[in-house]
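# Secondary and tertiary structure notes
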Amino acid sequence: MSETPALPPTPAVPLSALLAREDLALRQIAGPSGPEIVLHGAHTSEMSDPYPYLLGGELLLTAGVHIPDAAGSGTYFDDYVSRIVAAGGAALGFGVAPVHDTVPRALVEACEAYGLPLLEVPPRTTFSGVARAVWQLIARARLTELRRVTEAQQSLATAAARPDPVPSVLRQLSQRVSGWAVLYGPDGARIATAGRPPSDEARRALEELTAVVRPGTDRPSPAESRTTHTPPATPRGTPPPTATHPGPPQTGTPRTTPPPTSATHSAPPTTSSPRTTPAATPPTRPTAPATTSPPRTAPPPTSPSRPAPSSAADAVGGTHLSAYALGAGQGFVLGIAAPQREPADHAIASVASVLLSLLTGEHHSGAGAARSSALVRLLLGAGPETVAPLLGAERWLVVHARPDAHAPDPVAASALGAALGSPLVDVAKDVVRVLLPADREPAPQPGWTLGVSASAGPREWPAADTQAARALARARATRTALVRHGGRQALADLVPGGEAEAYARALLGPVAGNTALTDTLRTWLSLHGSWDRTAVALSVHRNTVRQRITRCAALLEVDVDDPDVRMELWFALRQL
């Protein structure tokens, strides 16, 4: 049974980028060149058979210590190069001096025949320097890849918050992958598309590919899938199906290929212990098989009970195809057709599939339609108490939340709403507001500071919003993860509302029209006269707090250090 590739989880870098390093002075003297030649790492070995030590995609570096004296007159170099190609090696670097003054001519011919890029490493360039340069290029490629994924996440999240979220997400996705993005419904029909459409053949192939990931449909067996769908890369251990010109075997030479006969001189050991493989006669230079690829046909149906994969990939006529199942078995599928497939494209498509899963899930369940109906009714003049039943509750809590480290964004806000158990989320400049059914008890959330109102009906939502804002300010000032608005009956509740409000207007008349003064006085009293904590809660300087409190005392003609005065002021402020 053939093995699957075990390439390291690193982005590939083009061989041309390594050759462009002037400090290394590498020179390619044999084999193909071009952007399709990429490296996944570098490895040094002086073994005559490096096959057991390669994962695939490496630049193999050698000084030729293992080469016997009579190697040029036999098949040694053919055997050596064929084993590197069979293991999936991407290129061979040969160090000139101190063992060999020049690269052996027979090695150049073997690399040319087997299609293996051969680099000449000059004497002053160390193998460790070459390996470090490869890893530096890989690290730079990884950073570029992560930056690209991060930017795509932000743009996709912004698109999901637009009034037309599904088309917006598809437009952003098509731009990010430079291809065509399409959302298929449970019946296979195209719901929305974005980007430049591919050829008719690619579109038909993509529709076939969606059947592989859509639950409840007939899917091909694994063997049938291999003959029908072209994988993105040739697995190590699988021979290539076709060849158009005579030449060496590609990286798909079977893993069970025997090693060549041992050389006359033993090679120095490497840091790894070699795995034993059965000895056999050395392989010869291959000739091209006279076969052609079979015509593309739809897979025969098989048992639908086999679970569907979450994603699938194919390639047709130079177009890379991908399909992603959305949601929890609802049948929506995201399809992508692009002329090329970069390492970050899968991560970007996965983000888009998650967002589309949320959007299509709401549409399928009807919850999103109910919220849209409530919004429309409010905009058309209906009262909150009329639309509240559409949202599924009669009593509500208002939660104000502020992230500890950064400004809130739509993705983080949606995650907070999901954690609290409500999709009713509003993202403001620096605060996220969540409308939560009163039967759901909010809990502290890592990375957030929360203020929670008392239970309120629809007509009391504005007052509850004010309560949540004050609770959040107190939570930030006291560095508490969650603060709830007091729900116990207070002494002020014993005074009739009209009389209490008249008393408050009379007492606070000189400052009632100045929001900055009343907010500062209220916060300062709630924090027991702490200048520093009030400054933190209001996001102002402590001297500003002092000036405002002094101004309040002067206008009201009271002594704010008197506990009785503070009590009367607090009572009055609660009525505003």
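Residues numbered from 1 in each chain as written. Predicted model: local features only at pLDDT ≥ 70, side-chain atom pairs only at ≥ 80, totals over all residues. Heavy atoms only, no water.

### As for the overall build of the protein
- Counting secondary structure elements, the protein contains 17 helices and 17 strands.
- The proportion of buried residues among the 576 residues of the protein is 41%.
- Sequence-distant contacts in the protein: of pairs separated by 6 or more residues, those separated by 24 or more amount to 67%.
- Carbon and sulfur atoms provide 56% of the accessible area of the protein, an area that totals close to 29,700 Å². (Helix = DSSP H or I, 4+ residues; strand = E, 2+ residues; numbered from the N terminus. Buried < 20%, exposed > 50% of the residue type's maximum accessible area, 1.4 Å probe, protein only. Contact = heavy atoms within 4.5 Å. Areas by Shrake-Rupley, 256 points an atom, 1.4 Å probe, with all protein chains shown as cover.)

### A closer look at the packing of aromatic side chains
- A full pass over the atoms with the stated rule returns 5 aromatic pairs.
- Here tyrosine 76 and tyrosine 80 contribute two aromatic rings whose centre-to-centre distance is 6.3 Å and whose plane-to-plane angle is 5 degrees, an arrangement assigned as stacked. Of this pair, tyrosine 76 and tyrosine 80 both sit in helix α2 (residues 76-86), separated by 4 residues, roughly a single helical turn.
- Look at tyrosine 76 and you get buried, because its relative accessible area is 12%. (Phe/Tyr/Trp six-rings, centres within 6.5 Å; stacked < 30°, edge-to-face > 60°.)

### Quick notes on the sheet that holds strand β8 (residues 180-184)
- Strand order in this open sheet of 5 strands is β9-β8-β12-β11-β10, and the pairing throughout is antiparallel. Strands at the two margins of the open sheet, each flanked by one partner only, are β9 (190-194) and β10 (311-316). Adjacent strand axes in the sheet meet at a mean angle of 15 degrees when their direction is disregarded.
- One ladder, built from 5 bridges, connects β8 with strand β12 (residues 333-338); its direction is antiparallel. Paired with tryptophan 180 across the strands is alanine 337, a residue of β12.
- Of the strands in this sheet, β8, β9, β10, β11 (319-325) and β12 touch helix α6 (residues 200-213), which is tilted by about 30 degrees from β11. (Pairing = 2+ DSSP bridges. Axes fitted to C-alpha atoms, helices over the stretch in contact; angles between N-to-C directions.)

### Some thoughts on the packing of helix α14 (residues 515-526) against helix α16 (residues 542-556)
- Two elements in contact, α14 and α16, have axes separated by 9 Å at closest approach and are oriented at 105 degrees. Viewed along their axes, α14 and α16 adopt a mutual orientation that is roughly perpendicular. Facing α14, whose interface residues are Ala516, Leu517, Thr520, Leu521 and Trp524, α16 presents Val545, Arg548, Ile549, Arg551, Cys552, Leu555 and Leu556.
- Here the contact of α14 with α16 is built from residues that sort into 9 nonpolar, 1 polar and 2 charged. (Parallel < 35°, antiparallel > 145°, perpendicular 65-115°, else oblique. Nonpolar A, V, L, I, M, F, W, Y, C, P; charged D, E, K, R; others polar.)

### Some thoughts on the pairing of β11
- Of all 7 residues that make up β11, 5 are buried, and the element is covered over most of its length.
- Here β10 runs beside β11; their pairing, made up of 6 bridges, is antiparallel. Across the sheet, residue alanine 315 finds its bridge partner in β11, namely histidine 320.
- Between β10 and β11, which follow one another and run antiparallel, lie 2 residues, and glycine 317 among them has a positive phi close to 55 degrees.
- Taken together, the 6 bridges between β11 and β12 define a ladder with antiparallel strand orientation.

### As for α2
- Judged by how many residues are buried, α2 sits mostly within the fold: 11 of 11 residues are covered.
- For α2, every residue scored as buried is listed here: Tyr76, Phe77, Asp78, Asp79, Tyr80, Val81, Ser82, Arg83, Ile84, Val85 and Ala86.
- Where α2 is buried, its residues touch β5 (58-62), β6 (91-95) and α3 (105-114).
- Downstream of α2 by one or two residues, glycine 88 has phi in the positive range, about 90 degrees.

### Notes on the pattern of salt bridges
- Within this structure, the stated rule accounts for 16 salt bridges.
- Close ionic contact of arginine 433 with aspartate 465 constitutes a salt bridge, the shortest N to O distance being 3.1 Å. Highlighted residues: arginine 433 in strand β15 (residues 432-437) and aspartate 465 in helix α12 (residues 461-477), separated in sequence by 32 residues.
- Judged by its relative accessible area of 34%, arginine 433 falls in the partly exposed class.
- Residues joined by salt bridges that share partners form a network here, namely Asp426, Arg433 and Asp465. (Salt bridge = Lys/Arg side-chain N within 4 Å of Asp/Glu carboxyl O.)

### Details of the nonpolar core
- Within the largest apolar cluster, 27 residues are counted, with the highest numbers of intra-cluster contacts made by Leu156, Val169, Leu170, Leu173, Leu334 and Leu356.
- Of all the secondary structure elements, the ones that give two or more residues to this core are α4 (127-160), α5 (165-177), β8, β9, β12 and α8 (345-365).
- Tallying contributions element by element places α8 first for this core, with 7 residues.
- Residues within four places of leucine 170 in sequence aside, it is in contact with Ala181, Val182, Leu183, Ala192, Thr193, Ala194, Leu334 and Leu356.
- Residues Phe77, Val85, Leu107 and Leu118 belong to the second largest nonpolar core, which totals 25 residues. (Core = buried A, V, L, I, M, F, W, Y, C linked by side-chain atoms within 4.5 Å.)

### Re the side chain of glutamate 58
- Mapped onto the elements of the fold, glutamate 58 is located in strand β5.
- Here glutamate 58 falls in the buried class, since its relative accessible area comes to 9%.
- Separated by 2.7 Å, the side chain of glutamate 58 and the backbone nitrogen of leucine 55 make a polar contact.
- The contact partners of glutamate 58, leaving out residues within four places of it in the chain, are Gly41, Gly88, Gly89, Ala90 and Ala91. (Polar contact = N/O pair within 3.5 Å; in protein donor to acceptor, adjacent residues only side chain to side chain.)

### Overview of the sheet that holds strand β14 (residues 425-427)
- Spatial strand order, β14-β15-β13-β16-β17: 5 strands in an open sheet with mixed pairing. Taken across any chain shown, the strands that pair with only one partner, and hence form the sheet edges, are β14 and β17 (482-484). On average, each strand axis in the sheet is tilted by 15 degrees relative to the strand beside it, whichever way the strands run.
- Here 3 bridges tie strand β16 (residues 448-452) to β17, and the two strands are oriented parallel to one another.

### A closer look at the confidence of the model for the protein
- Looking at the protein, pLDDT values average 78 and 78% of them are 70 or higher.
- Within the protein, β6 carries the highest mean pLDDT (97), whereas helix α7 (residues 222-228) carries the lowest (37).
- A low-confidence stretch, residues 1-8 (pLDDT under 50), is modelled with 17 contacts involving residues beyond four sequence positions or located in other chains.
- The low-confidence segment residues 219-304, where pLDDT is below 50, has 150 contacts with residues more than four positions distant or belonging to other chains. (pLDDT = per-residue confidence, 0-100.)

### Some details on the side chain of serine 526
- One can find serine 526 in helix α14.
- Separated by 2.8 Å, the side chain of serine 526 and the backbone oxygen of threonine 523 make a polar contact.

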